[in-house]
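# A structural walkthrough
Each chain is listed here by its residues.
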Amino acid sequence: MTELSKARRAAVTALFAAGLALAPAPAAQADSPRDAAPEPVPAADLAQARGAVQDPAVLDKVGHFFARKGVPPTRQLTIGAAEEARAASDSAPRLAGDTVPVYTLDAGFVAGTPGAPVAKAAFTASKVVAADGQTASVWTVRQGDAWRVVNIASGGDESDYAAKAADSGGGTAFREPQVNAWYVLRDGRVLPLDEEAKRSVGAGGLSLAAYQQLVHQRYGDKLPGSAYDRAGEGGGYRVDAAPQREAAGSGSELPAVTAAAALGATALVGAGAVLRRRRSGR
């Protein structure tokens, strides 16, 4: 993903509003690389999630997202409503590629819970492309028996990194959102997929055990239920030399939901916030 597309990454509705009720635990190594692999999302669920994105009403909202160049609905544009509507129609949004599960670093793994996977599926993402080449990622989560669209974000990291993992030898792509790092779990090793991940684990990656120790050191005292959490200090983590990511608020017709993801919104991501792919100060 280019620096320009990262700078244009925008969230238009809040997704993470609840965390996992886990307290800090002593560091422990996962039982085995096999045990640490995330549980796959069934193909039938991915098909249902994709179907939700294909709803004409959703694609219309994506068209307006493209027309607004990612500017949230709460902010005024220089064009009027009629011009925006025409631009939304002209964008002709279409799905591209597969709908993919998006795996995020798991709190149990950080805490050292035996058998915990390195990451869990937080939501699914479908890449949508506009006629002028703009791309967006439409996020869906399961609510009861149905899949519901909860967020639109510019760019297509979720799909792109899943494809990069598959093309580079297989494995499961996952994200450590606190440092905006994307990795692939392959053959018992955590390997980097982007520059943030390289700064985090090195170009050659880490063994699963070494990575577990690393994230426990970073976040073991910041899990939900910790003193850090109770003090209301949620808001991310900074790796040396890695730029912090900006959190974005909501303001959209798309529904905000309560979704447990990553290490918990209250402790490490920030309640009601979605991380934007935007470099601070750029």
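Conventions adopted
- Residues numbered from 1 in each chain as written.
- Predicted model: local features only at pLDDT ≥ 70, side-chain atom pairs only at ≥ 80, totals over all residues.
- Heavy atoms only, no water.
- Helix = DSSP H or I, 4+ residues; strand = E, 2+ residues; numbered from the N terminus.
- Expected span 1.5 Å × (residues − 1).
- Buried < 20%, exposed > 50% of the residue type's maximum accessible area, 1.4 Å probe, protein only.
- Core = buried A, V, L, I, M, F, W, Y, C linked by side-chain atoms within 4.5 Å.
- Pairing = 2+ DSSP bridges.
- Polar contact = N/O pair within 3.5 Å; in protein donor to acceptor, adjacent residues only side chain to side chain.
- Phe/Tyr/Trp six-rings, centres within 6.5 Å; stacked < 30°, edge-to-face > 60°.

### A word on helix α9 (residues 208-219)
Because an α-helix completes one turn every 3.6 residues, residues spaced three or four positions apart along the sequence face the same direction. Helix length check: α9 (twelve residues) gives 16 Å between terminal C-alpha atoms against 16 Å at 1.5 Å per residue, within 8%. Where burial is concerned, most of α9 is hidden: nine out of the twelve residues are buried. Those residues of α9 lying buried are Leu208, Ala209, Tyr211, Gln212, Leu214, Val215, His216, Arg218 and Tyr219.

### A closer look at the nonpolar core
Judged by nonpolar contacts, the single largest core of 26 residues is most densely connected at Leu105, Phe109, Val118, Phe174, Tyr183 and Tyr211. Mapped onto this core, the elements with two or more residues apiece are β1 (94-105), α6 (107-111), β6 (181-186), α8 (195-201) and α9. No other element matches α9, which puts five residues into this core. Among the nonpolar cores identified, the runner-up in size contains 16 residues, and Ala122, Phe123, Ala125 and Tyr161 belong to it.

### Some words on the pairing of strand β2 (residues 119-129)
Counting buried residues along β2, nine of its eleven residues qualify, which places the element largely inside the surrounding structure. Looking at chain direction, β1 and β2 are connected through nine bridges and run antiparallel. Of the residues in β2, the one forming a bridge with arginine 94 is valine 129. In this structure, β2 lies alongside strand β3 (residues 135-143), joined through six bridges in antiparallel fashion. Paired with threonine 124 across the two strands is threonine 140, which belongs to β3. The antiparallel pairing of β2 with β3 creates a hairpin that spans five residues between the two strands, and glycine 133 there sits at a positive phi of about 95 degrees.

### Digging into the side chain of serine 137
With respect to the helices and strands, the residue serine 137 is situated in strand β3. Polar side-chain contacts of serine 137 include one of 2.9 Å to the side chain of glutamate 158.

### Points about the packing of aromatic side chains
Here the structure, examined in full by the defined rule, presents seven aromatic pairs. Note on phenylalanine 123 and tryptophan 139: the rings are 4.2 Å apart at their centroids and 25 degrees apart in plane angle, and the pair reads as stacked. Note that phenylalanine 123 is positioned in strand β2 and tryptophan 139 in strand β3, a separation of 16 residues in sequence. Through a chain of ring-to-ring contacts, the aromatic side chains of Phe109, Phe174, Tyr183 and Tyr211 assemble into a single cluster.

### Details of the environment of glutamate 195
Inspection of the secondary structure assignment puts glutamate 195 in helix α8. A relative accessible area of 45% means that glutamate 195 is categorised as partly exposed. Between the alpha carbons of glutamate 195 and asparagine 180 there is a distance of 9.5 Å; along the sequence they are 15 residues apart.

### Digging into the sheet that holds strand β7 (residues 189-192)
Strands sit in the order β4-β3-β2-β1-β5-β6-β7-β8 across an open sheet of eight strands; the sheet is mixed. At either margin of the open sheet sits one strand with a lone partner, and together these are β4 (146-154) and β8 (206-207). Where strand β5 (residues 172-176) meets β6, five bridges bridge the pair, whose relative direction is antiparallel. The residue bridging glutamate 176 from the neighbouring strand is alanine 181, located in β6.

### A few points about unusual backbone geometry
A positive phi angle is found at alanine 92, which is not glycine, with a value near 45 degrees. Examined against the element boundaries, alanine 92 turns out to sit in the loop between α5 (81-90) and β1. Positive phi is not limited to glycine here, since aspartate 187 has a value of about 55 degrees. When you line up the elements, aspartate 187 lands in the loop between β6 and β7.

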